[in-house]
Amino acid sequence: MFMAIQRFWFLSMAIWILQCSGRFVVIESTRVPAMFVFGDSLVDVGNNNYLSSIAKCNYYPYGIDFNYRATGRFCNGKTFVDILGELLGVPYPAAFSDPNTAGYKLLEGVNYASAAAGILDETGQHYGQRYSLSQQVLNFETTLKQLKAVISGRNYTDYLAKSIAVLVFGSNDYINNYLMPSIYSSSYNYSPPQFAYLLLNHYARQLVALYSLGVRKFLLAGIGPLGCIPNQRASGQAPPDRCVDYVNQILGTFNEGLKSLVDQLNKQAGATFLYGNTYAAVGDILNNPATYGFSVVDRACCGIGRNQGQITCLPFAVPCPNRNAYVFWDAFHPTEAVNSILAQRAFSGSPRDCYPINVQQMTLISNMNNTTDQFS
């Protein structure tokens, strides 16, 4: 007990010193050697470029603020994990599908995220090929086999234990599955709470699999208020100036369950699981846009139709010139300006933003033998 108190005192003092600097601190990359990213189009950096899929964005104006380069990121600029990596001091993880992602480059981390992917294997199948959560975990195993040829023994174990896995899943299981009754039967077979529990059960199995492979540090992002994205506003299911309340309401069971799952998984030896409260963070931006410098919250910067959300951003479309004033870049995805806020909140926010501790705090306890003391 004394040791736990002593460790907590040390952690609190270290965090106080960092916060008093008045700016975000970049953690030394030796403390966090790499990020491994799993997820959907919110964090895809180009994996779908190499797949037979219509869920691609390897064309202008995507990337207009990423050195005018369309890389496969579904954004005008950087994604949430790009900015989080900058704060951690690690390189942008390369796309798993890229043939150049091999050898020593793997040591910089790998991004497995795939647009249209979901927790369930069938989610997003109408878009064509994509790496579902289970396939992304299998792809990670492929990477680990290659990594063992580069580093071995204790160095390999230590490298994995210090690296951070970021997972961003769930949005497609709703907007490209449950909320598409003409294509998927899930809404007929499951009530909203039942569907959420189905997702959480599948998710938990894959998280345990990643833990069994040697990963010890996880950031799990919750689902944002999908009823407020331009695509859902354009559906006509709510007044022009309102989000689709029903869509937002059915997400509660999943997000609350994911937070509870974090508590359960933190009982694993040496594990540190964090829950990123995306719903609250984006909700705060939408409710107080001027506070964050935004003036347009109900339509996309690039898109066609009602709320610029009925058809997403097409090749060579002319986007809005004042992109930092918009919350949404296209029918489904936030702008780089929003991604920056989300990354900073996950990195150094309060437990309301990132539970039970934030990413910066997780790096400070990365060398402790048993992190579960921090949450008991």
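- The name an unreviewed UniProt entry gives the protein is GDSL esterase/lipase, with Erythroxylum novogranatense as the organism.
- Here the protein is described in UniProt, under the heading Sequence similarities (unreviewed entry), as follows: "Belongs to the 'GDSL' lipolytic enzyme family."

Observations concerning the nonpolar core
Part 1: Membership of the largest hydrophobic core comes to 55 residues, with the highest contact counts inside it found for Phe36, Leu167, Tyr174, Tyr203, Phe218 and Phe254.
Part 2: Among the elements that line this core, the one with the most residues is helix 7 (residues 192-212), at 10 residues.
Part 3: Setting aside its immediate chain neighbours within four residues, phenylalanine 218 contacts Ala165, Leu167, Leu207, Leu210, Tyr211, Thr272, Phe273, Leu274 and Met362.
Part 4: In terms of nonpolar packing, the next biggest core, distinct from the first, is built from 41 residues, Val166, Val282, Met362 and Ile365 among them.

Quick look at the sheet that holds strand 6 (residues 272-276)
Part 1: Pairing in this open sheet of seven strands is mixed, and the strands run 2-3-1-4-5-6-11 from one edge to the other. The open sheet has two edge strands, strand 2 (94-95) and strand 11 (354-355), and neither has a second partner.
Part 2: Bridging between strand 1 (residues 35-39) and strand 4 (residues 164-168) involves five bridges; their strand directions are parallel. Note on strand 4: the bridge partner recorded for valine 37 is valine 166.
Part 3: The strands touched by helix 2 (residues 80-88) are strand 1, strand 3 (109-111), strand 4 and strand 5 (217-221); relative to strand 1, the strand with the most contacts, the crossing angle is about 165°.

Regarding unusual backbone geometry
Part 1: The omega angle of the peptide bond from tyrosine 60 to proline 61 is 15°, so this bond is cis rather than trans.
Part 2: With respect to the helices, strands and loops of the structure, proline 61 is situated in the loop between strand 1 and helix 2.
Part 3: Here the bond from tyrosine 355 into proline 356 is cis, since omega is 0°, no more than 30 degrees from zero.
Part 4: A positive phi angle is found at alanine 116, which is not glycine, with a value near 80°.
Part 5: The exposure class assigned to alanine 116 is buried, which follows from its relative accessible area of 6%.
Part 6: The phi torsion at glutamine 308 lies on the positive side, around 50°, for a residue other than glycine.
Part 7: Here glutamine 308 is to be found in the loop between strand 8 (303-304) and strand 9 (311-312).
Part 8: Look at glutamine 308 and you get partly exposed, because its relative accessible area is 25%.

Re the environment of glycine 270
Part 1: Locating glycine 270 in the fold gives a position in the loop between helix 10 (252-265) and strand 6.
Part 2: By relative accessible area, glycine 270 is classed as buried at 16%.
Part 3: The sequence separation of glycine 270 and arginine 216 amounts to 54 residues, and the corresponding C-alpha distance is 6.5 Å.

Reading guide: rules and limits
Residues numbered from 1 in each chain as written. Predicted model: local features only at pLDDT ≥ 70, side-chain atom pairs only at ≥ 80, totals over all residues. Heavy atoms only, no water. UniProt positions renumbered as here; feature names shortened; annotations may be inferred. Core = buried A, V, L, I, M, F, W, Y, C linked by side-chain atoms within 4.5 Å. Buried < 20%, exposed > 50% of the residue type's maximum accessible area, 1.4 Å probe, protein only. Helix = DSSP H or I, 4+ residues; strand = E, 2+ residues; numbered from the N terminus. Contact = heavy atoms within 4.5 Å. Pairing = 2+ DSSP bridges. Axes fitted to C-alpha atoms, helices over the stretch in contact; angles between N-to-C directions.

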